[in-house]
Amino acid sequence: MCSSDLLASGSNPCSFAHVAGPFGQRPAIDLTRRALEPARVWALTQDNAGPRLSRSEDGGATWQDLGPPLPGAPSDTAAPYAHTLDVAPSDPQRLYATGLVSNFAQSVLWRSLDGGQSWQVQAMPGPGAPADFLAAVAPDDPARVYVRRISQAGGSVWTSPDAGVSWQQLWSNERTPTGLALAPDGKTLAVATSKRQSTEAAGDLWFIALDTGKVQKFVGLGATCLSWGVDGLWACGAESLDGFTVARIVDGQRSQVLHAKRSEEHTSELQSLAYHV
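Rules behind the numbers
Within each chain, residues carry numbers counting from 1 in the order of the written sequence. In view of the model being predicted, local features appear only for residues whose pLDDT reaches at least 70, and side-chain atom pairs are presented and counted only at 80 or more, with totals across whole chains, interfaces and linings using the full set of residues. Hydrogens are left out, water is left out, and the side-chain values use all remaining heavy atoms of the structure. Secondary structure elements are taken from DSSP: a helix is a run of H or I of four residues or more, a strand is a run of E of two residues or more, and numbering for both begins at the N terminus. Contact definition: two residues touch when any of their heavy atoms are within 4.5 Å. At least two bridges found by DSSP between two strands are what make those strands a pair. Axis lines are fitted to C-alpha atoms, over the contacting stretch for helices. Their N-to-C directions set the angle, which ranges from 0 to 180 degrees. Throughout, disulfides are identified as pairs of cysteine sulfur atoms within 2.5 Å of each other. By definition, a salt bridge exists where a carboxyl oxygen of Asp or Glu is found within 4 Å of a side-chain nitrogen of Lys or Arg. Among buried residues, those of type Ala, Val, Leu, Ile, Met, Phe, Trp, Tyr and Cys that are joined through side-chain atoms within 4.5 Å constitute a nonpolar core. Relative accessibility thresholds used throughout: buried, under 20% of the residue-type maximum; exposed, over 50%; partly exposed, between the two (1.4 Å probe, protein chains only).

### Structural notes on the environment of Ala82
Okay, so step 1: For Ala82, the location among the structural elements is in strand 7 (residues 81-88).
Okay, so step 2: For the pair Ala82 and Trp110, spaced 28 residues apart in sequence, the C-alpha separation works out to 9.4 Å.
Okay, so step 3: In this view, Ala82 contacts Ile29, Leu44, Gln46, Pro51, Thr98, Gly99 and Trp110; residues no more than four positions away in its chain are not counted.

Shown next as structure tokens:
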């Protein structure tokens, strides 16, 4: 996301209202929260000085800036730019962000061990400046990070066991990964691709068993985003290209599929599914 405003929903997940914050002056790049603390939200914003972290303790009603802007490379003359933000489920003091430094020439991972009061910057592996997006932090290991990468060569998924010091590639494809989700138990990754134009073949869905490395592929089951909760894996799609809007994935099949043109009698069902994605 990149917006100069912030919207939040209440009990109705399809009804949003404007909330306060520093977002008029600093566009919001990304948001994150822990499932155990739904009212505590972190926001990554961007201005001419670089990315900056803010936190709300009341679901976005009020905000407080935390620490200085995220640092760039030592020789940088231009401000860094951020892509994504995430917090470790098991440690709210451990925060991560990804973005670009050195005038957009180097992809990096930022990490904070003190709740955003200070940051360390670590170069991501590989040449050039691919777009690296945080996908998850392991539920029981605050140092284990998963990243979805988009580059000119296609897409890939990477993991670091030590907070970004070293990296291992888990998956690669000529198509870019449009969705990546980690199972609540931290044992399986789901990776999705999606159509970008009507002439392309349908996207696919992969499941990666992290203990054995075994990969299971479901052809034609692509998505534009994934979210994996305790009640299952949920996907969103581009209706005109993927043929659905929101669906639950069960045993490699779409169930509870909703389409953009459903009649009004299904509104409550759509609201229930939209909450999960």
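### Focus on the sheet that holds strand 18 (residues 215-218)
Okay, so step 1: Read from one edge to the other, the open sheet built from four strands follows the order 15-16-17-18, with strand pairing classed as antiparallel. The two strands at the open ends of the sheet, each matched to only one other strand, are strand 15 (179-182) and strand 18. On average, each strand axis in the sheet is inclined to that of its neighbour by 15°, with strand direction left out of account.
Okay, so step 2: Bridge count for strand 16 (residues 188-192) against strand 17 (residues 205-209) is five bridges, and the pairing is antiparallel. Residue pairing for strand 17: Thr188 is matched across the bridge by Ala209.

### Some thoughts on the state of the cysteines
Two cysteines, two sulfur atoms, one covalent bond between them: this is a disulfide.
Okay, so step 1: Scanning the entire structure with this criterion turns up one disulfide.
Okay, so step 2: Disulfide pairing places Cys225 opposite Cys236 at an S-S distance of 1.7 Å. Of this pair, Cys225 sits in strand 19 (residues 225-229) while Cys236 sits in strand 20 (residues 232-236), and the two are 11 residues apart along the sequence.

### A short note on the pattern of salt bridges
Okay, so step 1: What the rule picks out here adds up to six salt bridges.
Okay, so step 2: For Asp204, the salt bridge goes to Lys217, with nearest N and O atoms at 3.8 Å. In this pair, Asp204 sits in the loop between strand 16 and strand 17 while Lys217 sits in strand 18, placing the two residues 13 residues apart along the sequence.
Okay, so step 3: Several salt bridges share partner residues, and in doing so they unite Arg34, Glu37, Arg40, Arg55 and Glu57 into one network.

### Structural notes on the nonpolar core
Okay, so step 1: Counting 15 residues, the largest nonpolar core has Trp42, Leu53 and Trp110 as the members making the most contacts within it.
Okay, so step 2: Taken together, the elements giving at least two residues each to this core come down to strand 4 (41-47), strand 7, strand 8 (91-101) and strand 9 (106-112).
Okay, so step 3: Counting 14 residues, the second largest nonpolar core, distinct from the first, contains Ala192, Phe218, Leu221 and Phe244.

### Points about the sheet that holds strand 3 (residues 28-32)
Okay, so step 1: The strand order across the open sheet formed by four strands is 3-4-5-6, and the pairing between neighbours is antiparallel. Each end of this open sheet is capped by a strand with a single partner; those strands are strand 3 and strand 6 (64-66). Going from strand to strand, the sheet's axes swing by 30° on average, the running direction of each strand aside.
Okay, so step 2: Inspection of the sheet shows strand 4 paired to strand 5 (residues 50-56) by seven bridges, in the antiparallel sense. The partner of Asp47 across the bridge, within strand 5, is Gly50.

What is shown is where atoms sit, not what they do.
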